[in-house]
Amino acid sequence: MRTPKPPRADDSTTADTTGDTDGNHDGNHDTDGTASRPAEPGGSSGKVQSLERAITLLEATADSAPDGETATNLASRCGLNRATAWRLLSTMEQYGLVERDPLTSRYTVGFAVARMASAAGFDGLIRRSHGVLRQVSEQTGETANLAVVQQLGLTYIDEVTPPVVLSAKWLGRQAPLHATSTGKALLAWLPAEEVDVLLAEPLTAYTDTTVADRGRLRAELAETRERGYSVCAGEMERNLYGVSAPVLGTRDRPFAVLSIWGPQDRVPESRFPALGALACGAAEEVARAARAL
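It should be emphasised that the depicted structure is a prediction, and the values quoted were computed from it without experimental measurement.

Rules of the game
- Along each chain, numbering runs from 1 in the same order as the chain's sequence is written.
- This being a predicted model, a pLDDT of at least 70 is required before a residue's local features are given, and a value of 80 or more before pairs of side-chain atoms are given or counted; all residues contribute to the totals for chains, interfaces and linings.
- Heavy atoms throughout the structure, all of them, feed into the side-chain values; hydrogens and water do not.
- Aromatic pairing here means that ring centres of Phe, Tyr or Trp (its six-membered ring) are within 6.5 Å. Orientation follows from the plane angle: under 30 degrees is stacked, over 60 is edge-to-face, and everything else is tilted.
- Starting at the N terminus, helices and strands are each numbered in turn, a helix being any DSSP run of H or I of at least four residues and a strand any DSSP run of E of at least two.
- With a 1.4 Å probe rolled over the protein chains alone, any residue whose accessible area is under 20% of its type maximum counts as buried; one over 50% counts as exposed, and the rest are partly exposed.
- Our definition puts a charge over a ring when NZ of Lys or CZ of Arg is within 6 Å of the ring centre and also within 35 degrees of the ring normal.
- Here, expected helix span is obtained from the residue count minus one, scaled by 1.5 Å.
- To obtain the arc, one takes the directions from the helix axis to the C-beta atoms.
- Any pair of residues with heavy atoms lying within 4.5 Å of one another is described as a contacting pair.
- Whenever a nitrogen or oxygen atom comes within 3.5 Å of another N or O atom, the pair is scored as a polar contact, on the condition that within protein one atom can donate a hydrogen and the other can accept it, and that pairs from neighbouring residues in sequence are kept only if both atoms are in side chains.
- For patches, a residue must show more than 30% relative accessible area and have no salt bridge; joins then use 9 Å for like charges and 5 Å for nonpolar side chains, namely Val, Leu, Ile, Met, Phe, Trp and Tyr.
- Here, Shrake-Rupley sampling with a 1.4 Å probe gives the accessible areas, and only protein chains in the shown set may cover a residue.
- The salt bridge definition used is simple: a Lys or Arg side-chain nitrogen within 4 Å of an Asp or Glu carboxyl oxygen.
- We call two strands paired when DSSP finds no fewer than two bridges between them.
- To get an axis, a line is fitted to the C-alpha atoms, and for a helix only the part in contact is used. The angle between two axes follows their N-to-C directions and goes from 0 to 180 degrees.
- In these notes the angle categories are as follows: under 35 degrees is roughly parallel, over 145 is roughly antiparallel, 65 to 115 is roughly perpendicular, and the rest is oblique.
- Here a crossing is called left-handed whenever its near helix is offset anticlockwise from the far helix by less than a right angle, and right-handed whenever the offset is clockwise.
- Classification convention: Asp, Glu, Lys, Arg as charged; Ala, Val, Leu, Ile, Met, Phe, Trp, Tyr, Cys, Pro as nonpolar; all other residues, Gly among them, as polar.

K.L.:
So what about the packing of aromatic side chains? Which residues, and what values?
P.N.:
One pass over the structure, following the stated rule, counts 1 aromatic pair. Judged by centre distance (6.3 Å) and plane angle (40°), the ring pair of Tyr 241 and Phe 272 falls under tilted. Here the residue Tyr 241 occupies a position in strand β7 (residues 240–248), and Phe 272 occupies one in helix α9 (residues 272–291), the gap between them amounting to 31 residues. The pair formed by Tyr 241 and Phe 272 is uniform in burial state, with each residue classed as buried. Above the plane of the ring of Tyr 229 lies Arg 227, whose end atom (NZ or CZ) is 5.1 Å from the centre.

K.L.:
Hey, could you go over unusual backbone geometry for me, with residue numbers and the actual values?
P.N.:
Phi at Ser 105 is positive, roughly 60°, even though this residue is not glycine. Tracing the chain through its elements places Ser 105 in the loop between β2 (98–100) and β3 (106–109).

K.L.:
Outline helix α8 (residues 214–227), supporting the account with residue identities and numerical values.
P.N.:
Its 14 residues place the ends of α8 20 Å apart at the C-alpha level, agreeing with the 20 Å of an ideal helix rising 1.5 Å per residue. Of the residues making up α8, those classed as buried are Leu 217, Glu 220, Leu 221 and Thr 224. Taken end-on, α8 shows its buried residues confined to a sector of 105°, consistent with a single buried face. Looking at the packing, one finds that the buried side of α8 touches α6 (181–187), α7 (192–198) and β6 (230–233). At the N-terminal end of α8, a side-chain oxygen is found 3.2 Å from the backbone nitrogen of Gly 215, two or three residues along, and the residue is Asp 213. In the stretch just after α8, Gly 228 is the one whose phi turns positive, near 105°.

K.L.:
How would you explain a nonpolar patch on the surface if you had to name every residue and give the values?
P.N.:
A cluster of nonpolar side chains, contributed by Val 48, Leu 51 and Ile 55, occupies part of the molecular surface with about 270 Å² of accessible area. Along the chain, Leu 51 turns up in helix α1 (residues 49–63).

K.L.:
Lay out the sheet that holds β7 with the relevant residues and their values.
P.N.:
Spatially, 5 strands are ordered β5-β4-β8-β7-β6 in an open sheet, and the strand pairing comes out antiparallel. Looking at the sheet topology across the chains shown, the edges are occupied by β5 (153–160) and β6. Ignoring which end each strand starts from, the neighbouring axes of this sheet average 25° apart. One ladder, built from 4 bridges, connects β6 with β7; its direction is antiparallel. Among the inter-strand pairings, Cys 232 is bridged to a residue of β7, identified as Gly 242. Sitting on the sheet, α9 is in contact with β4 (143–150), β6, β7 and β8 (254–263), with an inclination near 35° to β7.

K.L.:
Explain the packing of helix α2 (residues 71–78) against helix α3 (residues 82–94) residue by residue, including any values.
P.N.:
Where α2 contacts α3, the axes come no closer than 9 Å and their chain directions differ by 115°. The angle between α2 and α3 falls in the class roughly perpendicular. α3 is crossed by α2, and the crossing has right-handed handedness. When α2 is examined against α3, the residues Ala 71, Thr 72, Leu 74 and Ala 75 are found in contact with a partner set consisting of Arg 82, Ala 85 and Leu 89. Its residues placed into classes, the contact of α2 with α3 shows 5 nonpolar, 1 polar and 1 charged.

K.L.:
Tell me about the side chain of Glu 220, and name the residues and values.
P.N.:
Position of Glu 220 relative to the elements: it lies in helix α8. Given a relative accessible area of 13%, Glu 220 falls into the buried group. Among the polar contacts made by the side chain of Glu 220, one reaches the side chain of Lys 184 at a distance of 2.7 Å. Leave out the neighbours within four places in its chain, and Glu 220 touches Lys 184, Val 211 and Val 231.

Below, the structure is given as structure tokens:
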């Protein structure tokens, strides 16, 4: 674990524990001229403004991947004074939460974030989204599941299946990105360069309907994004049909995918539009629930 470097004697971060060093120590104003609530133990808000700003900056830095972003642009994106943003980024850099490229001065997420993320589970997201999956499953009579985005793809973390339906269990399994509606919902909302990295290996044709041609797949991904949901017609397993919608975070980047699927005789292509609209609405509900975590 990285030991944070002690701040320099002339470092402005030492002047004020809130990270807002404009010379006012009454906690009522910030460097960018905005009023700031005094820190009162047991106050009604229970929030620390400087911590909120640091979190906002960290999220914006994560959203700027893979190229990163400069402190000036991050400050503008977060509505912060540049000096305040620089001090917060400098402090987070000391703790390994962000890294600064000395050549470009662009910030990216640091290894400490990856280390903490690896220790985190999905219990909170499952708890808040499970009711949405149950409602979707009851409404459609089909299986509804949720997959989360991980470094090299997607992993299913929760699933609700109608009691009278026998179906494959996908929990803990990874999805082939090009051959499932789940994977295509992720790919359609990623930048083209990230898609190329994720699909660097040859595309396996699991069935005769699998789209294994990169040109055709790119065209389908464009259609998927315009439509708002992805579809799969027996591309991973001949008899499994389904639709998926991305669960979008900041800057419309997917962090999970919600899917509805079942056997072809119950989920024919004629049901795709209705199920797709339902998946999109449910994905928005999960996104709102996740923001409350």
